[in-house]
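Each chain, letter by letter, is given below.
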Amino acid sequence: MKSLDVSAFFAANSVLPFKNRWAVMPLQASLPLGQDLIEKQWQDIQFSELKGKKRLIYVHVPFCDIHCQFCGFYQNPLRKHNTETYVDYLLQEISLEITNNAMQSAPIHAIYFGGGTPSALKAGQLARVIRYFKQFAPLAPDCEITVEGRISDFDDDHIDSYIEAGANRFSIGVQTFDTDIRQRLGRQSSKQQIIDGFERIAARDSVALVCDLMFGLPNQTNQSWQQDLEIVDNLPIDGVDLYALNLLPTTPLAKGVENKRIELPSVTDKCDLYQQGAKYLEKQGWHHLTNAHWSKTSRERNLYNFLIKQGSHFFAYGSCAGGRLGGQSFMLNRDLASYYAQLDQGKKPLMMLTGKPLIGDWLYKLQAGIEKGRIDLNSLTNHAELFDPLIEQWHQVGLLKNQAHCLQLTLSGRYWSSNILQALQQLLLQLNNPEHIELQQKMATARQSMKAMQGMSKSVNHKQHV
């Protein structure tokens, strides 16, 4: 008879159920392949049909005009690179695979241009890539095509080029409208410039328009956060993300905090800010799509981001990009010179490829359920009853709305969803993959190897997104 010790994941019956909000670290479902196996395995994937899941495309643009203080994805300063050359090579990479069976055997439901800063490319450059996909990729009739960027880049020429090429969704990282806080973070546009920019885009009435806000920023208060929320509610936009600041150790902001030059809101403060935002948006009639995302109109679907959590296949292109096909994850070369050199040889510029998945499909069902705030344990394990003590305890401390095996997260549970995800992952791994101890040890070793590989790439001259 199976048993499960869940007590290590009990939450405190206090304002803070957990001491810290754990970073989202989904389990790695497979191990990296040796370099001698990568090319053959990649060809096998390219000529398979990748059955059973939706398909997506991710395109990475690894340039930024400025380095925001909180960002850990900064890679290449825009002024030092020829972006037309990059787009030429990007199209060359896409053309290597566009006619393969993996791409052509089923519709593509969403394309996401991320970075870096995709909007930093000159007007018309990104449009070349969009048009290429529209011409040669099997896009679904309602394919969501998102361009991510900064509001200051969205002038009339950029906006029109994206729309004319076929983009139908813009995701713009504002973080905050407070001009003083923005300037301290390295953001240049003022509150009024941002508002004017959104209104200029919305006047076209041609795309789903989404704004990212961030809570937990230095000098942010409940009052300044409320002003951000009210501005968003009054803007002609279709969706909004509310993200907690994730203080990455290598960023300028993290160094300022370490040196005690900068003070951030506490964990309790951030929890309050999240709940303040969620309650206000609900009051104003916004629809809660996932833990961090709300829609105001039916135009916004947040399709790419949600399908990623469901374990969809996603093709990836561009230096620094990462993708997943048939459960096998891959990463492309971070160093631009190496990326170009491999394409000159007619090769996909792969830096890493994992083998076939070692963990069942329950992992993606769990991730998708957490995002929606509803986790059906009976679909994840045949031993849901073993979770009863944990379910009861989480219900008592206000993380769950019910005590059934179909867990429904409260607003507090949504804020602490990354902790709940990590706990359930570890417990389900024990039940569904009893060899998990050896597996985790192998994966820890593999992660160390990947870090070393990335370090070598940086020394030679590096979102995700995944």
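What comes next concerns the included structure. Keep in mind it's a predicted model, so treat the numbers as computed, not measured.

### Section: empty space enclosed by the protein
Empty space among the atoms becomes visible once a probe the size of a water molecule is rolled across them.
Part 1: The calculated volume of the largest cavity comes to roughly 90 Å³.
Part 2: Lining the largest cavity are I66, R150, I151, S152, G173, V174, R182, R187, Q188, S189 and I194.
Part 3: For the lining of the largest cavity, the residue count by class is four nonpolar, four polar and three charged.

### Let's talk about unusual backbone geometry
Part 1: Cis rather than trans, the peptide bond between G115 and G116 has omega equal to 25 degrees.
Part 2: With respect to the element layout, G116 can be found in the loop between β4 (108-115) and α4 (125-136).
Part 3: With a phi close to 55 degrees, N302 is a non-glycine residue in the positive phi region.
Part 4: Along the chain, N302 falls in the loop between β10 (293-295) and α11 (303-309).
Part 5: N302 gets classed as buried once you look at its relative accessible area, which sits at 5%.

### Thoughts on the packing of helix α13 (residues 362-372) against helix α16 (residues 417-432)
Part 1: Packing of α13 against α16 brings their axes to within 10 Å, and their N-to-C directions diverge by 160 degrees. Judged on the interaxial angle alone, α16 and α13 are roughly antiparallel. Viewed along their axes, α13 and α16 form a crossing whose handedness is right-handed. Along the contact surface, α13 presents W362, L363, L366, Q367 and I370, while α16 presents S417, I420, L421, L424, Q425, L428, L429 and N432.
Part 2: Of the residues in the contact of α13 with α16, the class split is nine nonpolar, four polar and no charged.

### Comments concerning the layout of surface pockets
Part 1: What the second largest pocket holds in volume is close to 360 Å³.
Part 2: If you list the elements that add at least two residues to the lining of the second largest pocket, you get α1 (35-46) and α2 (83-97).
Part 3: Taken together, the residues of the lining of the second largest pocket break down into five nonpolar, six polar and five charged.

### Notes on the packing of aromatic side chains
Part 1: Tallied over the full model, the rule gives 20 aromatic pairs.
Part 2: Between the aromatic rings of F63 and Y86, the centroid separation amounts to 5.1 Å while the plane-to-plane angle is 85 degrees, which identifies the pairing as edge-to-face. Of the two residues, F63 is situated in strand β2 (residues 63-64) and Y86 in helix α2; the sequence distance between them amounts to 23 residues. Judged on exposure class, the residue F63 and its partner Y86 are both buried.
Part 3: Ring geometry for Y89 versus Y340: centroids 4.3 Å apart, planes at 25 degrees, classification stacked. Highlighted residues: Y89 in helix α2 and Y340 in helix α12 (residues 336-344), separated in sequence by 251 residues.
Part 4: Judged by its relative accessible area of 16%, Y340 falls in the buried class.
Part 5: Aromatic ring contacts, followed pair by pair, group F18, W22, F215, W225, Y274, W294, Y415 and W416 into a single cluster.
Part 6: Positioned above the aromatic ring of F306 is the side chain of K372, whose terminal nitrogen or guanidinium carbon lies 4.8 Å from the ring centre.

Calculation notes
- Residue positions are counted from 1 within each chain, in the order its sequence is given.
- Owing to the predicted nature of the model, reporting of local features is limited to residues with pLDDT of at least 70; listing and counting of side-chain atom pairs is limited to 80 or more, with chain, interface and lining totals taken over all residues.
- Water and hydrogen atoms play no part in the side-chain values, which are based on all heavy atoms of the structure.
- Any residue with an atom within 4 Å of a point lines the site, the site being either a cavity, points on a 1 Å grid over the protein atoms alone where a 1.4 Å probe fits but cannot get out, or a pocket, an open set with protein on both sides within 12 Å along at least 5 of 7 lines.
- Grid points are joined across faces, edges and corners, and a volume is the space filled by probe spheres set on the points.
- Each residue receives one of three labels: charged for Asp, Glu, Lys and Arg, nonpolar for Ala, Val, Leu, Ile, Met, Phe, Trp, Tyr, Cys and Pro, and polar for the others, Gly being one of them.
- To qualify as a helix, a DSSP run of H or I must reach at least 4 residues; to qualify as a strand, a run of E must reach at least 2; elements of each kind are numbered from the N terminus.
- Each residue is placed in one exposure class: buried if its accessible area under a 1.4 Å probe, protein chains only, is under 20% of its type's maximum, exposed if it is over 50%, and partly exposed if it falls in between.
- Lines fitted to the C-alpha atoms define the axes, with helices restricted to the stretch that makes contact. Angles between their N-to-C directions range from 0 to 180 degrees.
- Angle categories are assigned with fixed cut-offs, so that under 35 degrees is roughly parallel, over 145 is roughly antiparallel, 65 to 115 is roughly perpendicular, and the rest are oblique.
- Note on convention: the crossing is left-handed when the near helix lies turned anticlockwise from the far helix by less than a right angle, right-handed when the turn is clockwise.
- Note on contacts: a residue pair is in contact if any heavy atoms of the two residues lie within 4.5 Å.
- Under the pairing criterion, centres of Phe, Tyr and Trp rings, with the six-membered ring standing for Trp, must be within 6.5 Å; the plane angle then separates stacked pairs below 30 degrees from edge-to-face pairs above 60, leaving the rest tilted.
- In our convention, an over-ring charge means Lys NZ or Arg CZ found within 6 Å of a ring centre and within 35 degrees of that ring's normal.

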